[in-house]
Amino acid sequence: MEQYFAEEAVLSMTSHLIFIIITWRVLQSVNFDAFLRKNRVFEARALLIMITIALGTTVSNFFLDFLSWSNSLIYLF
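I will try to describe carefully the structure that is included in this document. For clarity, every value in this text was computed on a predicted model and none was experimentally measured.

Here is what the cut-offs are and how they apply
- Residues numbered from 1 in each chain as written.
- Predicted model: local features only at pLDDT ≥ 70, side-chain atom pairs only at ≥ 80, totals over all residues.
- Heavy atoms only, no water.
- Helix = DSSP H or I, 4+ residues; strand = E, 2+ residues; numbered from the N terminus.
- Expected span 1.5 Å × (residues − 1).
- Buried < 20%, exposed > 50% of the residue type's maximum accessible area, 1.4 Å probe, protein only.
- Contact = heavy atoms within 4.5 Å.
- Salt bridge = Lys/Arg side-chain N within 4 Å of Asp/Glu carboxyl O.
- Phe/Tyr/Trp six-rings, centres within 6.5 Å; stacked < 30°, edge-to-face > 60°.

The end-to-end C-alpha distance of helix H1 (residues 2-28) is 39 Å, a good match for the 39 Å that 27 residues give at a rise of 1.5 Å each. Of all the positions in H1, only Ser-15, Phe-19, Thr-23 and Leu-27 are classed as buried. Of the surrounding elements, those touching the buried residues of H1 are helix H2 (41-72).

In structure tokens, the structure reads:
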């Protein structure tokens with residue numbers, strides 16, 4: 001039973017990191033200069049990091065929930 005929780009924790013951490021990295025790469029291609037003030041580089045980077053974490057974990061949670069739901073389908077029949 002403990003191994004199941006350990007495997008789930010590793011899967012969740014890996015999924016979150018992968019989707020955060022993917023989100024970071026995607027957001028690097030977006031030009032945010034029109035939305036941000038000049039000479040506010042630190043604040044812009046901090047905002048970009050927070051947006052990346054929020055989007056990445058949201059997408060990761062969706063895929064982890066979907067995986068969990070699909071594994072639960074065996075109890076339907």
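After that view of the structure, there is still more to cover.
Under the criterion given, the structure shown has 1 salt bridge. Of the charged contacts in the structure, one is a salt bridge between Glu-43 and Arg-40, with a shortest N-O distance of 3.4 Å.

Turning our eyes to something else, we now look at the packing of aromatic side chains. For the structure shown, the criterion picks out 3 aromatic pairs. Aromatic side chains Phe-62 and Phe-63 sit 5.3 Å apart centroid to centroid with 75° between the ring planes, which places their arrangement in the edge-to-face category. Take Phe-63: its relative accessible area is 42%, and that puts it in the partly exposed class. Grouped by ring-pair contacts, the aromatic residues Phe-19, Phe-62, Phe-63 and Phe-66 constitute a single cluster.

No statement about biological role is implied by the geometric values presented.
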